[in-house]
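# Summary of structural features
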Amino acid sequence: VARLRQALEAVKTEVHDVTDADWVSVVLGIAATKGLRHILIGQGTEHGEALARQAPTNLQIVRYERAIEAWQTQLFDGIDAGLTLARGALAQTGSLILWPTPAEPRLMSLVPSLHFVLLDANTIHADFHAAMTVENWADRMPTNALLICGPSKTADIQQTLAYGAHGPRELVVLIWHGHGHGGAA
Amino acid sequence: MSRVVPINPTQDFKERTRFVLNDPAQRQNFRGAMDFLQAKRRAQFPDPEELQSLRELGSQIRRYSLANLPRLLEQLEASLTANGIQVHWAQTPDEANAIALQIAQRVQAKRIIKGKSMVSEEIGFNHAMQAAGIEAFESDMGEYIVQLAGEAPSHIIMPAIHKTKQDIARLFEQEIPGVAYTEDVDALIQIGRRVLRHKFAEADIGLSGVNVAVAETGTLCLVENEGNGRMCTTVPRVHIAITGIEKVVEKLEHVPPLLSLLTRSATGQSVTTYVNMISRPRQPDEKDGPQEVHLILLDNGRTQAYADLELRETLKCIRCGACMNHCPVYARIGGHAYGTTYPGPIGAIISPHLLGLESTYPLAFASTLCGACAEVCPVKIPITDLLVRLRNEAQARPDTDDASLRGSGVARTVTASTVWGVWSQVYSKSGLYKLASWFMSRGRALSPSDQGAWTRSRTPLVPAARRLRDLIKDHADKK
């Protein structure tokens, strides 16, 4: 975990250790500090609903319930943050593994300017090769598999690093230390 | 100060190099950028043993893929098709553009948003779309900047490497409505982000390249830092991916070592912000993603390289750019001077296959054969050997074994052949050699002071008064 954390923080990712009991308040705390107005959650997810139940009235909870064509403008113009689960992570490179699902689609981790990720500490692999062989990815690849390592960035202008290119400007990882929930989702 | 240089064969290569060599600002830009990239790469490979074994692994994976290319391409097509991705084959750039246009016209597309794709540059995609009344926007920040300036990219990884932030600040102020001049890089990036966000949302088709295609699972792998690739491959309702036929590997497990080599060699990062692996179009229960995904596989001369076992090594390339970052020639003349889509050492060895030796042979000669490129190549392409091979091809006598490529013998001249013929006679017969060297040293006063290109910036070459054998004799006599 420590290695993962170090690698993540090196690329400007905010990392918090959380438990079952406090993760929601950590998220809401960050939302308040940063003045977030809305958070996008998936459809019918346990963690999404847990957040929704405790959200204050000034924080709008938006659910990704319809196909993107129905509400694309709203997503692009004005959702401040999104919350998704991670399938796992790679310690070596500080990467989160995301397999978007019908419940938590692809654009959730891409369009909103801030991305909250819930990661189960038990699902951390040593490296990419380990992850794909242990979980036997070759057997059935999803429509889209992603490795995410920090907020989006570019060094195209005079090799000077700038964050917040096209993807999220900020990434917040909540490493969940529970027990009895072992293994990748 | 940048000048628009159209991509065309290297007839006036010499002229362009001379032009850029006389531009100290441009040279300083490039020197700084190359030093930066070299340092970043070095920092990523602190353990020489790990580096060498990873390079060997990368080389073997690529070699295996190329040795099995026909079978793997068939497997790739079958896997992709089973996944719902439509596969198209294009022999030439025109065919590739025609396929893309056919798709675009069927879905009545008016706007295409592009992720970074060198192959799309190779085929002149933007131009072909424009001719058909379809707008093609670049979304990679560097490519966007270069498109705004009406130029071509000068480096395969950092397209705007030849521009300073002042250049870009001025460009944005002039070309983007409502934007004030600012040299703050963060602010400039936010401007680009804002402008391009709308383009993603409004585009009908997203175009991308492919870094690695996996045959066993039918997966297209893309790496990026900015997020624009994910945007292009997720938001528009049609995604077209285009790449060369050499980019395929057999197994998913071949991907991690290649990506590790690629990102560390290219930008000095252990991993890019995003690794995007696409295997299917949007499924019935999914809420986003493209409805259609297409892959166009381009040949454009790659099979010529494949057919020759030595030249096949050229196709191992994973497009990292390390070779050009370490090339002393590239550092001085920059990417535009080459006049080809792919500049630097890789450009010199691949362009003859894509464009023919006739127009690209000067690139193989524009090298000191220092070998820096071959040393840093993550997949161990023997670039210097290939440069020498191409030089031989260019000067080969037609209809001999040496002349096996399209355009072989193009650089062969009577004068050069005669000179080298004489040289080879003199240097292989010791009697002739003794005589010739005696005349050279005793007749040194007759050496011309104008020795063409040499004396443009150097003092003339003059043979020594005493030959080595004279000195040895003198020394022996003294004893």
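This is a predicted model, so every value here is computed, not measured. (Residues numbered from 1 in each chain as written. Chains lettered and ligands numbered in written order. Predicted model: local features only at pLDDT ≥ 70, side-chain atom pairs only at ≥ 80, totals over all residues. Heavy atoms only, no water.)

### Considering the overall build of chain B
Selection rule: Put simply, DSSP marks the helices as runs of H or I at least four residues long and the strands as runs of E at least two long, and each gets a number from the N terminus on. This radius of gyration counts C-alpha atoms alone. The globule rule is 2.2 Å times how many residues there are, raised to the power 0.38. For the exposure calls, accessible area comes from a 1.4 Å probe over protein chains only, and a residue counts as buried if that area is under 20% of its type's maximum, exposed if over 50%, partly exposed in between. Contacts between residues were defined by any pair of non-hydrogen atoms, one from each residue, lying within 4.5 Å. Reported accessibility uses the Shrake-Rupley method at a 1.4 Å probe radius. Residues are deemed covered only where the shown protein chains occlude them. The charge count includes Lys and Arg as positive and Asp and Glu as negative, but it does not include His or the ends of the chains. One atom stands in for each charge, and that atom is NZ of Lys, CZ of Arg, CG of Asp or CD of Glu.
Along its length, chain B carries 22 helices and ten strands. Taken over C-alpha atoms, the radius of gyration comes to 26 Å for chain B, in line with the 23 Å a tight globule of 479 residues would show. Its C-alpha atoms put chain B at 95 × 55 × 45 Å along the principal axes. When burial is assessed residue by residue, chain B has 57% of its 479 residues classed as buried. For chain B, the proportion of contacts with a sequence separation of at least 24, taken over those separated by at least 6, is 72%. Counting only carbon and sulfur atoms, one obtains 55% of the accessible surface of chain B, whose full area is about 20700 Å². When the 56 basic and 52 acidic side-chain charges of chain B are each reduced to a single mean position, those positions are 8 Å apart.

### Considering helix H5 (residues 93-106) of chain B
Residue and element names in this part refer to chain B. Test applied: The length a helix should cover is 1.5 Å for every residue beyond the first.
Taking 1.5 Å per residue, 14 residues should reach 20 Å; H5 reaches 20 Å between its end C-alpha atoms and fits that length. In the core, the buried residues of H5 are packed alongside strand S1 (86-90), helix H7 (125-131), strand S4 (205-208), strand S7 (238-244) and strand S10 (292-298). Where H5 terminates, the next one or two residues include glutamine 108, which has phi positive at roughly 55°.

### What to know about the pairing of strand S2 (residues 38-41) of chain A
Residue and element names in this part refer to chain A. Test applied: DSSP bridges decide pairing: two strands pair if at least two such bridges lie between them. By convention, orient the strands away from the viewer: a clockwise path from the first strand over the helix to the second makes the crossover right-handed.
Covered by surrounding structure in S2 are His38 and Leu40 together with Ile39 and Ile41, the residues of both alternating faces. The sheet contact formed by S2 and strand S3 (residues 60-63) spans four bridges and is parallel. Counted as the bridge partner of isoleucine 39 is isoleucine 61 from S3. For the crossover that starts at S2, traverses helix H3 (residues 46-54) and ends in the parallel S3, the hand is right-handed. Pairing analysis gives two bridges linking S2 to strand S4 (residues 81-85), with the strands arranged parallel. The residue bridging isoleucine 39 from the neighbouring strand is alanine 81, located in S4.

### Brief notes about the packing of helix H20 (residues 414-428) of chain B against helix H21 (residues 430-442) of chain B
In a packed pair of helices, the relevant descriptors are the angle between the two axes and the axis-to-axis distance. Residue and element names in this part refer to chain B. What counts here: The angle between two axes is taken between their N-to-C directions and runs from 0 to 180 degrees, where each axis is a line fitted to C-alpha atoms and a helix contributes only its stretch in contact. Each angle is binned into one of four classes, with values under 35 degrees roughly parallel, values over 145 roughly antiparallel, values of 65 to 115 roughly perpendicular, and all other values oblique. Gly is put with the polar residues, along with every residue not named as nonpolar or charged; the nonpolar set is Ala, Val, Leu, Ile, Met, Phe, Trp, Tyr, Cys and Pro, and the charged set is Asp, Glu, Lys and Arg.
Relative to each other, H20 and H21 sit at 105°, their axes nearing to 5 Å. Compared by their axis directions, H20 and H21 come out roughly perpendicular. Facing Gln425, Val426, Tyr427 and Ser428 of H20, the residues of H21 in contact are Ser430, Leu432, Tyr433 and Ala436. Looking at the contact of H20 with H21 residue by residue, the class counts come to five nonpolar, three polar and no charged.

### A closer look at the interface of chain A and chain B
Where we set the bar: Buried surface area refers to the total accessible area, computed with a probe of radius 1.4 Å, that the two partners give up upon joining, counted for both partners together. Salt bridges are counted wherever a side-chain nitrogen of Lys or Arg sits within 4 Å of a carboxyl oxygen of Asp or Glu. Each polar contact in these results corresponds to two N or O atoms within 3.5 Å; when the atoms are within protein, one needs to be able to donate a hydrogen and the other to accept it, and residues that are neighboring in sequence are counted only if both atoms are side-chain atoms.
Facing the 56 residues of chain A at the interface are 67 residues of chain B. Between chain A and chain B the total buried area reaches about 5100 Å² when both faces are included, carbon and sulfur atoms providing 55% of it. Remark: the boundary between chain A and chain B carries one salt bridge. Across the pair arginine 282 of chain B and glutamate 69 of chain A runs a salt bridge whose closest N-O atoms are separated by 2.8 Å. Summed over the shared surface of chain A and chain B, the result is 37 residue pairs in polar contact (both at pLDDT 80 or more). A per-element tally of the side of chain A that touches chain B places strand S9 (residues 144-148) of chain A first, with five residues. In terms of residue class, the side of chain A that touches chain B is built from 28 nonpolar, 19 polar and nine charged. Direction of pairing for S9 of chain A relative to strand S9 (residues 274-278) of chain B: antiparallel, over a ladder of five bridges. When the bridges of S9 of chain B are listed, alanine 145 of chain A appears paired with methionine 277 of chain B.

### As for the sheet that holds S7 of chain B
Residue and element names in this part refer to chain B. Spatial strand order, S1-S10-S7-S4-S2-S3: six strands in an open sheet with parallel pairing. The sheet is open, and its two edges are formed by S1 and strand S3 (135-138), each paired on a single side. Each strand axis lies, on average, 25° off the axis of its neighbour in the sheet, ignoring direction. Direction of pairing for S4 relative to S7: parallel, over a ladder of four bridges. Note that in S7 the partner of leucine 207 across the bridge is isoleucine 240. Running over the sheet, helix H4 (residues 69-83) touches S1 and S10 and is turned about 145° from S1.

### What to know about a nonpolar patch on the surface
Residues and elements named next belong to chain B. Going by this rule: For patch detection, residues must exceed 30% relative accessible area and be free of salt bridges, and they are connected within 9 Å for like charges or within 5 Å for nonpolar side chains (Val, Leu, Ile, Met, Phe, Trp, Tyr).
A contiguous nonpolar surface patch, about 570 Å² in accessible area, is contributed by Val419, Trp420, Trp423, Tyr427 and Tyr433. No other element matches the four residues that H20 contributes to the nonpolar patch. Relative to the helices and strands, tryptophan 423 is located in helix H20. The exposure class assigned to tryptophan 423 is partly exposed, which follows from its relative accessible area of 42%.

### Focus: the state of the cysteines
Residue and element names in this part refer to chain B. For clarity, the cut-off: A pair of sulfur atoms, both from cysteines and within 2.5 Å, is called a disulfide here.
Under the criterion given, the structure shown has zero disulfides over all chains. Cysteine 323 forms no disulfide, and the closest cysteine sulfur to it belongs to cysteine 320, at a distance of 6.3 Å. Cysteine 327 carries a free sulfur, and the closest cysteine sulfur to it, the one in cysteine 370, is 6.4 Å from it.

### So, the pattern of salt bridges
Residues and elements named next belong to chain B. Applying the stated criterion across every chain, the model contains 32 salt bridges over all chains. Close ionic contact of glutamate 122 with arginine 302 constitutes a salt bridge, the shortest N to O distance being 2.9 Å. Placement of glutamate 122 in helix H6 (residues 118-122) and of arginine 302 in helix H13 (residues 302-307) is noted, with a sequence separation of 180 residues between them. Arginine 302 shares its class with glutamate 122; the two are buried.

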